[in-house]
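If you want the building blocks of each chain, they are given just below.
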Amino acid sequence: MSWNYSITLSTFKDLEPLDKSLENLKSQGFDAVEVYGEPDIIDVKKFSNLLGSFSIKVSGVTGMWGLSNASHKPRYLITADKESVRSVQNYIKKCIILCHTLGGKTFNICLFSDVPLISDGNHKVLSRDEKRKLVISTIKPLRHLAKYAGNYGVELLIEPLNRYSTPVCTNSEDAKYIADRINEENVGVILDTFHMNIEEDSIYDAIINSEKVLKHVHISDNNRKMPGFAHINFESVTKALKKIKYSRYLTFEPTVQNTRYKDDILISLQYVKNLSKY
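This write-up is about the structure you can find in this document. (Residues numbered from 1 in each chain as written. Predicted model: local features only at pLDDT ≥ 70, side-chain atom pairs only at ≥ 80, totals over all residues. Heavy atoms only, no water.)

Some points on the side chain of Glu200
Phase 1: Examined against the element boundaries, Glu200 turns out to sit in the loop between helix H6 (193–199) and helix H7 (203–209).
Phase 2: Within the buried core, Glu200 has no salt-bridge partner, and the shortest N-O distance to an opposite charge, that of Lys176, equals 8.4 Å.
Phase 3: Once you skip the residues sitting within four places of it in the chain, Glu200 turns out to touch Asn171, Ser172 and Ala206. (Helix = DSSP H or I, 4+ residues; strand = E, 2+ residues; numbered from the N terminus. Buried < 20%, exposed > 50% of the residue type's maximum accessible area, 1.4 Å probe, protein only. Lys, Arg positive; Asp, Glu negative; His and termini not counted. Salt bridge = Lys/Arg side-chain N within 4 Å of Asp/Glu carboxyl O. Contact = heavy atoms within 4.5 Å.)

This is the structure we're talking about:
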């Protein structure tokens, strides 16, 4: 079984000019990228033309959550501050339009919360009931945003993060619960092997049990390097994906520390492609 392969452009955003990244990625075998969700700083026409010049498609847009964004301001959906919620909703709508304009199909939602509801910085583990109390306030606005995204042919995907990022939505069961409550056709779940390695009892079982809602997958190794450079069992990951007949994008989301990344990317992409054959 073969998949479509994409890679997050946020990986390279601060390393080198965009055209250099696209040239390298195309030469290494990638035909698609996931664009970083910074609609206020992206010149869409210029961006689109550059992508076209390398015949590279857009799989979707990566939400820049937490403090990993150009404004360096947190984006909280779980907060008592109504103005903050409105600001995040506006951000999501801009990303939906960006995604649609560039030909992408997916945008990920990560649920961060602020003090005094719960601090994201304390590595706290919440019970299932505590999590569900916190996320209930997001269901109605996310349902509204899903309807908005549907008008643009974009899917909103709930992404669980590990407890060191946020204690609110940390595993596949949390994400499925939220997606089920939103109950819109274009809402699903995105799973990320880096976060799953920390939070899931079994990555294989988490994928199998997410079959009905799994619409996108991010892959990197347990140390955020390219798949195959650390200890995650990607043979088990690909077996699970084949078992549920997953046929969408596998998007690489590594951390790259310098511009000497081409060999690692080539090795890793071939490694995953080889696993897909068996």
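Alright, that's what it looks like, and here's the rest.
Points about the side chain of Glu199
Phase 1: Summarising the element assignment, Glu199 is placed in helix H6.
Phase 2: Those residues in contact with Glu199, other than ones at most four positions away along the chain, are Leu161, Asn162, Arg163, Thr170 and Asn171.

Observations regarding the environment of Ser137
Phase 1: Within the element layout of this structure, Ser137 appears in helix H4 (residues 128–150).
Phase 2: In sequence terms Ser137 and Ile78 are 59 residues apart; their C-alpha atoms lie 7.1 Å from each other.
Phase 3: Separated by 3.4 Å, the side chain of Ser137 and the backbone oxygen of Leu134 make a polar contact. (Polar contact = N/O pair within 3.5 Å; in protein donor to acceptor, adjacent residues only side chain to side chain.)

Focus: the pairing of strand S8 (residues 249–252)
Phase 1: Where burial is concerned, the two faces of S8 agree: the one with Tyr249 and Thr251 and the one with Leu250 and Phe252 are both buried.
Phase 2: As judged from the 4 bridges shared by strand S1 (residues 4–8) and S8, these two strands associate in the parallel manner. When the sheet's bridge partners are listed, Ser6 is paired in S8 with Thr251.
Phase 3: As paired strands, strand S7 (residues 214–219) and S8 are joined by 3 bridges and run parallel to one another. Following the sheet pairing, Ile219 is matched in S8 by Phe252.
Phase 4: Handedness of the crossover is the feature at issue here: the chain leaves S7, passes through helix H8 (residues 234–243), returns alongside S8, and the resulting connection is right-handed. (Pairing = 2+ DSSP bridges. Right-handed = clockwise from strand over helix to strand, strands pointing away.)

What to know about the packing of aromatic side chains
Phase 1: According to the stated counting rule, one finds 9 aromatic pairs in the structure shown.
Phase 2: Each ring, one from Trp65 and one from Tyr91, has its centre 5.7 Å from the other, and the planes form 90 degrees; the classification is edge-to-face. Of this pair, Trp65 sits in the loop between strand S3 (57–63) and helix H3 (82–101) while Tyr91 sits in helix H3, and the two are 26 residues apart along the sequence. Across this residue pair, the class does not change: Trp65 and Tyr91 are buried.
Phase 3: With centroids separated by 5.3 Å and ring planes inclined at 45 degrees, the aromatic side chains of Tyr148 and Tyr152 adopt a geometry described as tilted.
Phase 4: Sitting above the plane of the Tyr36 ring, Lys13 keeps its charged end 5.5 Å from the centroid.
Phase 5: Over the ring of Tyr177 we find Arg132; its NZ or CZ atom is 3.9 Å from the centre of that ring. (Phe/Tyr/Trp six-rings, centres within 6.5 Å; stacked < 30°, edge-to-face > 60°. Lys NZ or Arg CZ within 6 Å of the ring centre and 35° of its normal.)

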